[in-house]
Amino acid sequence: MLIVETGAALRAALRAPAGGIGFVPTMGFLHEGHMSLMRQARRECGVVVASIFVNPKQFGPREDLARYPRDFARDRAMCEAVGVDVLFAPSVAEMYPPGFATEVSVAPELTGVLCGALRPGHFAGVATVVAKLLNLVNPERAYFGQKDFQQWRVLSRMARDLAFPTEIVRGAIVREADGLAMSSRNTYLSAEDRVAALRLSRSLGLLLRRVADHPLAEALAQARAYLEAEPRLSLQYLSAVDAEHLGPATAAGPGTVALVAAQLGSTRLIDNVILDPHGPDAALCALPL
């Protein structure tokens with residue numbers, strides 16, 4: 001596996017790729033969710049590129065940039081083990097050199113709701129860094145996890161609107177055995193908060209069961225009540241939206257996604273489910289309450 005730290009070295013390494021490039025951008029401290037995306041890229045593409053870059057532009061002033069978990073040696077070994085060909089690990093100065101003055105923003109109907117309403121500027125930071133990475137790597141496919149559903153939707157729109165020749169692929173959420181969605185931030189959780197965090201995935205399982213024979217609004221109210229009964233958890237939102245436009249949904253189905261965000265102490269967690277009881281997330285229905 002080749003490790004490069006500059007855009008010039010990355011472009012030189014990818015000058016004549018065979019079989020198309022699959023790209024997995026990450027902020028490091030990798031887990032099985034990232035690995036599943038890299039394995040998918042390995043199956044579908046001739047060359048696999050991963051990046052590790054903790055992007056300061058997507059963190060707010062009171063967020064966890066300074067303490068975001070980092071372990072490059074571990075990440076490098078994990079990338080090599082799944083067959084990554086090129087690992088791009090740039091510095092902040094490489095990505096944002098002196099005088100950097102450009103921002104990529106997507107319309108507020110996609111970025112001003114859900115997480116975007118609570119994290120002003122977050123999605124502009126995400127879109128800016130991903131646009132630059134896509135320009136540097138020029139992949140046929142770029143892989144993002146469904147856990148960050150809004151991010152995937154925003155980046156899909158950006159790539160379409162700006163005519164990037166890249167398919168923005170959505171990979172399935174990977175969960176712990178007890179249902180908790182894998183996240184680098186799970187490492188922040190105390191033992192007590194780790195138990196409370198299970199309410200996110202279990203509330204989505206409850207919602208998925210209820211929408212089979214209840215109106216969506218009633219099912220959402222029951223799932224919110226379940227979340228709000230946990231005193232350690234501060235619910236930020238539980239919303240059902242149209243999966244394409246992120247506007248409020250009135251009925252469940254394959255085109256509707258329910259998203260949840262909650263604060264546990266200093267840790268913010270998110271999760272989501274496609275509201276189709278027979279769809280790819282149906283296993284959530286079996287989670288206990």
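Scroll up a little and you will see the structure.
Quick look at the structure, then. Predicted model only: the values in this text are computed from it and were never measured. (Residues numbered from 1 in each chain as written. Predicted model: local features only at pLDDT ≥ 70, side-chain atom pairs only at ≥ 80, totals over all residues. Heavy atoms only, no water.)

Now for the side chain of D276. In this fold, D276 is placed in the segment after β9 (267-274). Summary of buried charges: D276 has no salt-bridge partner, and the nearest side chain of opposite charge, R170, is 10 Å away. Those residues within four positions of D276 in sequence are excluded, and the remaining contacts are L208, G253 and P254. (Helix = DSSP H or I, 4+ residues; strand = E, 2+ residues; numbered from the N terminus. Buried < 20%, exposed > 50% of the residue type's maximum accessible area, 1.4 Å probe, protein only. Lys, Arg positive; Asp, Glu negative; His and termini not counted. Salt bridge = Lys/Arg side-chain N within 4 Å of Asp/Glu carboxyl O. Contact = heavy atoms within 4.5 Å.)

The next point concerns the pairing of strand β3 (residues 47-52). In terms of residue burial, β3 counts as a mostly covered element, since 6 of its 6 residues are buried. Alternating residues of β3 divide into V47, V49 and S51 and V48, A50 and I52, and every residue in both groups is buried. Bridge count between strand β2 (residues 21-26) and β3: 6 bridges; the pairing is parallel. Bridge assignment links P25 to a residue of β3, and that residue is S51. Running through helix α2 (residues 32-44), the crossover from β2 to the neighbouring parallel element β3 is right-handed. Note: β3 against strand β4 (residues 86-88), 3 bridges, orientation parallel. Within the sheet, the bridge partner assigned to A50 lies in β4 and is L87. (Pairing = 2+ DSSP bridges. Right-handed = clockwise from strand over helix to strand, strands pointing away.)

Unlike most non-glycine residues, L114 shows phi in positive territory, near 55°. Mapped onto the elements, L114 comes out in the loop between α5 (108-111) and α6 (115-118). Note on L114: relative accessible area 10%, which makes it buried.

Our next topic: the sheet that holds β4. Pairing is parallel across the open sheet formed by 6 strands, whose spatial order is β1-β4-β3-β2-β5-β6. Only two strands of the sheet have a single neighbouring strand rather than two, namely β1 (2-4) and β6 (167-171). Put simply, the sheet's adjacent strands are angled 25° from each other on average, direction ignored. Relative to β6, strand β5 (residues 141-145) runs parallel, the two sharing 5 bridges. (Axes fitted to C-alpha atoms, helices over the stretch in contact; angles between N-to-C directions.)

On to the nonpolar core. Judged by nonpolar contacts, the single largest core of 46 residues is most densely connected at L10, V49 and M158. Sorting elements by how many residues they give to this core places helix α7 (residues 122-137) first, with 10 residues. Not counting residues within four places of it along the chain, the set of residues in contact with M158 comprises V104, V106, A127, V130, A131, L134 and F164. (Core = buried A, V, L, I, M, F, W, Y, C linked by side-chain atoms within 4.5 Å.)

One can describe the packing of helix α9 (residues 191-210) onto helix α10 (residues 216-228) by two numbers: an axis separation of 9 Å at closest approach and a directional angle of 155°. Considered as vectors, α9 and α10 are oriented roughly antiparallel to each other. The element α9 and its partner α10 pack so that their crossing is right-handed. The segment α9 lies against α10, with R199, L200, R202, S203, L206, L207 and R210 engaging A219, L220, Q222, A223, Y226 and L227. (Parallel < 35°, antiparallel > 145°, perpendicular 65-115°, else oblique. Left-handed = near helix turned anticlockwise from the far one by under 90°.)

With that settled, the discussion passes to empty space enclosed by the protein. For the coordinates displayed, the defined rule picks out 1 cavity of 30 Å³ or more. In this structure, the largest cavity occupies an estimated 50 Å³ of space. Lining the largest cavity, in full, are K147, L180, A181, S183, N186, L200, L269, I270 and D271. The biggest single contributor to the lining of the largest cavity is β9, with 3 residues. Taken together, the residues of the lining of the largest cavity sort by class into 5 nonpolar, 2 polar and 2 charged. (1 Å grid on protein atoms, 1.4 Å probe; cavity = no way out; pocket = protein on both sides within 12 Å on 5 of 7 lines; lining within 4 Å. Points joined across faces, edges and corners; volume = space filled by probe spheres on them. Nonpolar A, V, L, I, M, F, W, Y, C, P; charged D, E, K, R; others polar.)

Moving on to the layout of surface pockets. Approximately 240 Å³ is the volume found for the second largest pocket. Every residue lining the second largest pocket is counted, 13 residues in all, and those nearest its centre are I173, R175, P280, D281 and A283. The residue makeup of the lining of the second largest pocket, split by class, is 7 nonpolar, 3 polar and 3 charged.

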